[in-house]
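# Structure assessment
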Amino acid sequence: MTKDQIFEFFRRLAEDNPEPETELEYGNAYQLVVAVALSAQATDVGVNKATRALFEKVTTPQQMLDLGEDGLKEHIKTIGLFNSKAKNVILLSQLLVDEYGGEVPDTRDDLVRLPGVGRKTANVVLNCWFKQETFAVDTHILRVGNRTGLAKGKTPESVEAKLEKRVPGPFRLHAHHWLILHGRYVCKARTPECWRCGLVDLCSFRKKVTEPRGAAKSLKKAG
């Protein structure tokens, strides 16, 4: 994509959804860290179902420690890899209490020290809570970046680096939300819904799907 195309790409996304937000539910920075850590290899919907009751009881790292690992497991047992995730949440909560006064730090270097918190999770927290211009590259963004030609790369790190260079200033804060939502609901993994995509003329994907699956067969039968 050219610079003008990239600007137009994000301009349209912004026009359609001026204030995009994560679909994870949380009430403070700590709950956001926990929710994002739990969302690895799980859906936001599934995480939200598990954390609604949990977050009514737990709003601080100390309250999580008081709940304990077994208590946490009871709340999140519907989420994949819940045993290892529960262990990490307890460990990160202990570290927050011991070294950060129970507060979530606002730098990537400090965040990635927390057990179960990688670069992507740190970027989400920095963006959503601390309003920093970060790009949390998940499978959706990796796919959209490569398909559209916006930011091609084989790894999340390489796509993130391309986004850092290419996303225009006015759109940097919300860029990763727009790309995630676009990948989740339009530029889907198995069959991109190009027929209803408002960015189709800017996209470099060669095998565009110009009509819903099964539409052609339906038209033939009707004829």
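Residues numbered from 1 in each chain as written. Predicted model: local features only at pLDDT ≥ 70, side-chain atom pairs only at ≥ 80, totals over all residues. Heavy atoms only, no water.

A few words on the overall build of the protein. Looking only at helices and strands, the protein has 11 helices and 0 strands in total. Reading the protein from its N end, one meets helices and strands in the order α-α-α-α-α-α-α-α-α-α-α. Projected onto the principal axes, the alpha-carbon positions of the protein cover approximately 65 × 45 × 30 Å. Counting over 223 residues, the protein shows a buried share of 46%. Approximately 11900 Å² of the protein is accessible, and the part contributed by carbon and sulfur atoms is 51%. (Helix = DSSP H or I, 4+ residues; strand = E, 2+ residues; numbered from the N terminus. Buried < 20%, exposed > 50% of the residue type's maximum accessible area, 1.4 Å probe, protein only. Areas by Shrake-Rupley, 256 points an atom, 1.4 Å probe, with all protein chains shown as cover.)

Another aspect to go through is the side chain of T148. Examined against the element boundaries, T148 turns out to sit in helix α8 (residues 139-148). If we ignore the near neighbours within four places in the chain, the residues touching T148 are M1, F9, L202, C203 and S204. (Contact = heavy atoms within 4.5 Å.)

The geometry of helix α3 (residues 44-57) relative to helix α4 (residues 61-76) is characterised by a closest axis approach of 11 Å and an angle of 160 degrees between their N-to-C directions. By the angle between their axes, α3 is roughly antiparallel relative to α4. Note that α3 runs across α4; the crossing there is right-handed. Judged by residue contacts, A50, A53, L54 and K57 of α3 engage Q63, M64, L67, L72, H75 and I76 from α4. In the contact of α3 with α4, the residues fall into 7 nonpolar, 2 polar and 1 charged. (Axes fitted to C-alpha atoms, helices over the stretch in contact; angles between N-to-C directions. Parallel < 35°, antiparallel > 145°, perpendicular 65-115°, else oblique. Left-handed = near helix turned anticlockwise from the far one by under 90°. Nonpolar A, V, L, I, M, F, W, Y, C, P; charged D, E, K, R; others polar.)

With that settled, consider the pattern of salt bridges. All chains considered together, the criterion is met by 15 salt bridges. The salt bridge involving E15 is made with R11; its shortest N-O contact spans 3.7 Å. Residue E15 and its partner R11 are located together in helix α1 (residues 3-16), separated by 4 residues, close to a single helical turn. Residue classification places E15 among the exposed residues on the basis of a relative accessible area of 59%. E25 serves as the salt-bridge partner of R52, at 2.8 Å between the closest nitrogen and oxygen. Residue R52 is found in helix α3, and its partner E25 is found in the loop between α1 and α2 (29-38); the two are separated by 27 residues along the sequence. (Salt bridge = Lys/Arg side-chain N within 4 Å of Asp/Glu carboxyl O.)

Although it is not a glycine, Q41 sits at a positive phi angle of roughly 55 degrees. In this structure, Q41 sits in the loop between α2 and α3. According to the relative accessible area criterion, Q41 is exposed, its value standing at 73%. For L81, which is not a glycine, the phi torsion comes out positive at approximately 60 degrees. Tracing the backbone shows L81 in the loop between α4 and α5 (82-100).

Let us look at the environment of S158. With respect to the helices and strands, the residue S158 is situated in helix α9 (residues 156-166). Classification of S158 by relative accessible area gives partly exposed; the value is 26%. As a C-alpha pair, S158 and V137 span 21 residues in sequence and 9.5 Å in three-dimensional space. A polar contact is formed between the side chain of S158 and the backbone nitrogen of K154, at a distance of 3.3 Å. (Polar contact = N/O pair within 3.5 Å; in protein donor to acceptor, adjacent residues only side chain to side chain.)

Looking now at the nonpolar core. With 36 residues, the main nonpolar core has Y30, M64, L72, V104 and L111 as its most contacted residues. For this core, the secondary structure elements donating two or more residues are α2, α3, α4, α5 and α7 (119-128). Top contributing element to this core by residue count: α2, with 8 residues. Once residues within four sequence positions are removed from consideration, L111 is found in contact with V104, P105, V117, A122, V125 and L126. (Core = buried A, V, L, I, M, F, W, Y, C linked by side-chain atoms within 4.5 Å.)

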